[in-house]
Amino acid sequence: MALISQLGFAQQVPFENEVKQISAKYDSLGWKAGSTVFTGSSTIRMWSNLEETFPQENLINTGFGGSKAADLERHLFPLVIKFEPARVFIYEGDNDIWAGVEVAEILTSLDNIVTRIHLINPEVEIYLIGAKPSPLRWEKKANYQIFNQKLSEYCLAKEKVEFVDTWTALTHPDGSPRPELYIQDQLHLNQDGYVIWAGIFRQFF
């Protein structure tokens, strides 16, 4: 019983140590208000040449691997709000759908995130990135497409919130996935995949 309670306590705040490390990293590097923050799960964290891809931008990458929308909601201040950004790109929902989290629940967390950011500064431009079509998770293709559709509809209904479609560019014209754009795990993008992502995101800069 004691062991169970200890484990429960240790896992009470998921990603706490990783978030502290990310926050401390940027405090030591120094940062300026009005930056562009990219955050979300490992697809953002593993975009290792993000800053080099957009050298003219003041970018902050606070991606944290394995996260879900509720995790970002929980750690929103150290990962986003404290940087006083002008723009925020968010990639969450991929791990949620795979874990069986309901679309409505994901959207509630994302709406809470958007609301908190805009309460502090209504002028912040927020970009919600649709889930990518990973071959590893292809069995839940329909779930991901429903999530992306609902996320797109949500963004259309909100001021200063825009949907970023990453599905189309990462699939063949017949709708099938492109395994050559992923590393061996068939979940995370490889360098070629990130080149395509760079092309998608360039329109927003």
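Scroll up for the structure.
Here the structure is a predicted model, which is why all the values come from computation and not from measurement. Once a new chain begins, its residue numbering starts again from 1 and follows that chain's sequence as written. Predicted model: local features are reported for residues with pLDDT of at least 70 only, side-chain atom pairs are reported and counted for 80 or more only, and whole-chain, interface and lining totals are derived from all residues. The basis for the side-chain values is all heavy atoms of the structure; hydrogens and waters are excluded.

Caption draft 1: Molecular detail of helix 2 (residues 16–29). Strands here mean DSSP runs of E at least two residues long; helices mean DSSP runs of H or I at least four residues long; both are numbered from the N terminus. Multiplying one less than the number of residues by 1.5 Å gives the expected span of a helix. With 14 residues, helix 2 should reach 20 Å at 1.5 Å per residue; the first-to-last C-alpha distance of 20 Å fits that figure. If you check which residues of helix 2 are buried, you get Val 19, Ile 22, Ser 23 and Tyr 26. Projected onto a plane normal to the axis of helix 2, the buried residues spread over an arc of 95° and lie on a single side. Turned more than 90 degrees off the buried face of helix 2, the exposed positions are Asn 17, Lys 20, Gln 21 and Ser 28. For helix 2, the secondary structure elements touched by its buried residues are helix 4 (50–53), strand 2 (59–61) and helix 6 (76–79). Following helix 2 by one or two positions, Gly 30 adopts a phi angle in the positive range, close to 90°. Between buried and exposed lies partly exposed: a residue is buried under 20% and exposed over 50% of the maximum accessible area for its type, with that area taken using a 1.4 Å probe on protein chains only. Picture the helix axis, draw a direction to every C-beta atom, and the arc is the one those directions span. Only heavy atoms matter for contacts: two residues are in contact if any of them lie within 4.5 Å across the pair.

Caption draft 2: Inspection of empty space enclosed by the protein at higher detail. Of the two site types, the cavity is a set of points on a 1 Å grid over the protein atoms alone where a 1.4 Å probe fits but cannot get out, and the pocket is an open set with protein on both sides within 12 Å along at least five of seven lines, each lined by residues with an atom within 4 Å of a point. Grid points are joined across faces, edges and corners, and a volume is the space filled by probe spheres set on the points. As enumerated under the stated definition, the model contains two cavities of 30 Å³ or more in all. Counting only elements with at least two residues in the lining of the largest cavity, the list comes to helix 3 (42–45) and helix 7 (94–98). Polar here means any residue other than Ala, Val, Leu, Ile, Met, Phe, Trp, Tyr, Cys and Pro, which are nonpolar, and Asp, Glu, Lys and Arg, which are charged; Gly is therefore polar. Of the residues belonging to the lining of the largest cavity, the class tally is two nonpolar, five polar and three charged. Approximately 30 Å³ is the volume found for the second largest cavity. Taken together, Asp 94, Lys 132, Pro 133, Ser 134, Arg 137, Trp 138, Lys 141, Tyr 144 and Trp 167 make up the full set of residues lining the second largest cavity.

Caption draft 3: Seen up close, the packing of aromatic side chains. In this analysis, rings of Phe, Tyr and Trp, with Trp reduced to its six-membered ring, are considered paired at centre separations within 6.5 Å, and the interplanar angle assigns stacked below 30 degrees, edge-to-face beyond 60, and tilted for intermediate values. Enumeration over the complete set of coordinates arrives at 22 aromatic pairs. Each ring, one from Phe 38 and one from Phe 205, has its centre 6.4 Å from the other, and the planes form 20°; the classification is stacked. Here Phe 38, found in strand 1 (residues 36–40), pairs with Phe 205, found in the segment after helix 10 (191–202); they are 167 residues apart in sequence, far enough to count as distant. Here Phe 205 falls in the partly exposed class, since its relative accessible area comes to 26%. Seen from their ring centres, Trp 47 and Trp 197 are 5.6 Å apart, and the 75° between their planes marks the pair as edge-to-face. On the criterion of sequence distance, the pair formed by Trp 47 in the loop between helix 3 and helix 4 and Trp 197 in helix 10 is long-range, its members being 150 residues apart. The same class applies to Trp 47 as to Trp 197, namely buried. These aromatic residues form a ring-pair network of at least three members: Phe 38, Trp 47, Phe 54, Phe 89, Tyr 91, Tyr 127, Tyr 194, Trp 197, Phe 201, Phe 204 and Phe 205. Distance and angle both matter: a charge sits over a ring if NZ of Lys or CZ of Arg is within 6 Å of the ring centre and within 35 degrees of the ring normal. Stacked on the ring of Trp 98, the Lys or Arg Lys 140 has its end atom at 5.6 Å from the ring centre.

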